[in-house]
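Understanding the architecture of this molecule
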Amino acid sequence: MSDVKKFMYLNRRAPYGTIYAWESLEVVLIGAAFDQEVSLMFIDDGVYQLVKGSDTSESDMKNFTPTYRTLGDYGVRHMYVDKESLEARGLTTDDLIEVEWEDWETEESVDNIVEAVDAGQIAELLAESDVVFSF
Amino acid sequence: MKLAVQVNEGPYQHQASDSAYHFTKAALEKGHEVFRVFFYHDGVLNGTRLTTPPQDDRNIVNRWVELAEKHDLDLVLCVAAAQRRGIVDDGEAERNGKDATNIAPKFRISGLGQLIEAAIQCDRLVVFGD
């Protein structure tokens, strides 16, 4: 098997209108077993996937927002959010969940791996990825 | 080049499967290797042999089957996506107590690990969908 690759999961859709967000999350969870360098990117309506306080109790949908909080434990190192997409929807990073990350071996830790980035940074991050999964 | 192809949409409703087919066929004819075609989301609906399009239309499922027969392509349907959408092979029918199967020949049902493995092994992962 080749060296570790940079995986980027590009999440572009709202969490509950279609199944893409949930099935994307399933790939991330399964993919954790493969020990790649994993980042997630949230753009367009995808930023809604990280909005805190979501309540699906009246829509008969499983609320999977809590699962995003655990992604640090699944080897996800970065969760980038598009600034422009947030602003266009009247959101700021204060509206988003926080996700902790810790390396169990080195005990290195990051309080919150959710980070807002601008279009230029997004272009760079995508360009330097080896694999882009687009959902 | 060694390629992996991902198809995220079902047949007829969306062009993704058509585009993926034409891309895969062209890549193979140019001498590239297609390591695997992985069907995800509604893309798993490309793998039912019960599809019956009008006679004057393309048969998207059979087209994949014929391409796989010619080039020994690995056509993989995601198991979780297939279970949700009622795509069943012998193993799934037995495991889940279903009274029928509908998977097309040359397709197989397997896990998401097959997608990750393909992405790691290949030079490019090419995704078809919206």
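Structure's up top.
So, a few notes on the structure that sits alongside this text. (Residues numbered from 1 in each chain as written. Chains lettered and ligands numbered in written order. Predicted model: local features only at pLDDT ≥ 70, side-chain atom pairs only at ≥ 80, totals over all residues. Heavy atoms only, no water.)

**Considering the overall build of chain A**
- Counting its regular elements, chain A contains 4 helices and 7 strands.
- For 135 residues, the compact-globule formula gives about 14 Å, and the C-alpha radius of gyration of chain A, at 14 Å, lands near that figure.
- Taking all 135 residues of chain A together, 42% fall into the buried category.
- For chain A, the proportion of contacts with a sequence separation of at least 24, taken over those separated by at least 6, is 79%.
- Accessible area of chain A: about 7,100 Å², with a carbon and sulfur share of 46%.
- In chain A, 10 positive and 29 negative side-chain charges are present, and the distance between their average locations comes to 5 Å. (Helix = DSSP H or I, 4+ residues; strand = E, 2+ residues; numbered from the N terminus. Rg over C-alpha atoms; globule rule 2.2 N^0.38 Å. Buried < 20%, exposed > 50% of the residue type's maximum accessible area, 1.4 Å probe, protein only. Contact = heavy atoms within 4.5 Å. Areas by Shrake-Rupley, 256 points an atom, 1.4 Å probe, with all protein chains shown as cover. Lys, Arg positive; Asp, Glu negative; His and termini not counted. Charge placed at Lys NZ, Arg CZ, Asp CG, Glu CD.)

**Details of the overall build of chain B**
- Tallying secondary structure elements over chain B gives 5 helices and 5 strands in all.
- Counting helices and strands in the order they occur from the N terminus, chain B gives β-α-β-α-β-α-α-β-α-β.
- The principal-axis extents of the C-alpha atoms in chain B amount to approximately 40 × 40 × 30 Å.
- When each of the 130 residues of chain B is scored for burial, the buried share is 54%.
- Considering only residue pairs separated by 6 or more positions, chain B has 80% of its internal contacts joining residues 24 or more positions apart.
- Element-wise, carbon and sulfur atoms account for 44% of the exposed surface of chain B, whose accessible area totals about 6,000 Å².

**Digging into the interface of chain B and chain A**
- In this complex, chain B contributes 21 residues to the contact, which on the side of chain A involves 23 residues.
- Between the two partners, chain B and chain A, sit 3 salt bridges.
- Residue Arg-84 of chain B pairs with Glu-23 of chain A through a salt bridge whose shortest N-O separation is 2.7 Å.
- For the interface between chain B and chain A, the tally reads 11 residue pairs in polar contact (both at pLDDT 80 or more).
- Going through the elements one at a time, α3 (79-85), α5 (113-121) and β5 (124-128) of chain B are the ones with two or more residues in the side of chain B that touches chain A. (Salt bridge = Lys/Arg side-chain N within 4 Å of Asp/Glu carboxyl O. Polar contact = N/O pair within 3.5 Å; in protein donor to acceptor, adjacent residues only side chain to side chain.)

**Re the sheet that holds strand β1 (residues 6-11) of chain A**
All names here are of chain A.
- Taking strand neighbours across the sheet as the criterion, the 5 strands line up as β6-β3-β2-β1-β7 in an open arrangement whose pairing is parallel. Two strands lie at the open edges of the sheet, namely β6 (114-117) and β7 (131-134), each paired on one side alone. Mean inter-strand twist for the sheet, computed between neighbouring axes without regard to direction, equals 25°.
- As paired elements, strand β2 (residues 37-42) and strand β3 (residues 76-82) share 5 bridges and run parallel to each other. Residue pairing in the sheet places Val-38 in a bridge with Val-76 of β3.
- Together, β1, β2, β3, β6 and β7 form the strand contacts of helix α4 (residues 119-127), whose direction differs from that of β6 by roughly 115°. (Pairing = 2+ DSSP bridges. Axes fitted to C-alpha atoms, helices over the stretch in contact; angles between N-to-C directions.)

**A look at the layout of surface pockets**
Residues and elements named next belong to chain A.
- The calculated volume of the largest pocket comes to roughly 240 Å³.
- Residue lining of the largest pocket: Gly-31, Ala-32, Asp-35, Gln-36, Glu-37, Val-38, Tyr-74, Gly-75, Arg-77 and Trp-101, and that is the complete set.
- Looking at side-chain class alone, the lining of the largest pocket contains 4 nonpolar, 3 polar and 3 charged residues.
- Computed from the structure, the second largest pocket encloses a volume of approximately 170 Å³.
- Forming the walls of the second largest pocket are Gly-72, Asp-73, Tyr-74, Gly-75, Trp-101, Glu-102, Asp-103, Trp-104 and Glu-105.
- Each residue belonging to the lining of the second largest pocket can be placed in one class, and the counts come to 3 nonpolar, 2 polar and 4 charged. (1 Å grid on protein atoms, 1.4 Å probe; cavity = no way out; pocket = protein on both sides within 12 Å on 5 of 7 lines; lining within 4 Å. Points joined across faces, edges and corners; volume = space filled by probe spheres on them. Nonpolar A, V, L, I, M, F, W, Y, C, P; charged D, E, K, R; others polar.)

**Overview of the sheet that holds strand β2 (residues 33-39) of chain B**
Residues and elements named next belong to chain B.
- Spatially, the 5 strands line up as an open sheet ordered β4-β3-β2-β1-β5, and their pairing is parallel. Because the sheet does not close on itself, it has two edges, and the strands there are β4 (107-110) and β5. Within the sheet, the average angular offset between the axes of one strand and its neighbour, ignoring direction, is 25°.
- Relative to strand β3 (residues 75-78), β2 runs parallel, the two sharing 3 bridges. Paired with Val-37 across the two strands is Leu-75, which belongs to β3.
- Strand contacts of helix α2 (residues 60-71): β1 (2-7), β2, β3 and β4, with the helix running at about 95° to β4, the strand carrying the most contacts.
- Strand contacts of α5: β1, β2, β3, β4 and β5, with the helix running at about 150° to β2, the strand carrying the most contacts.

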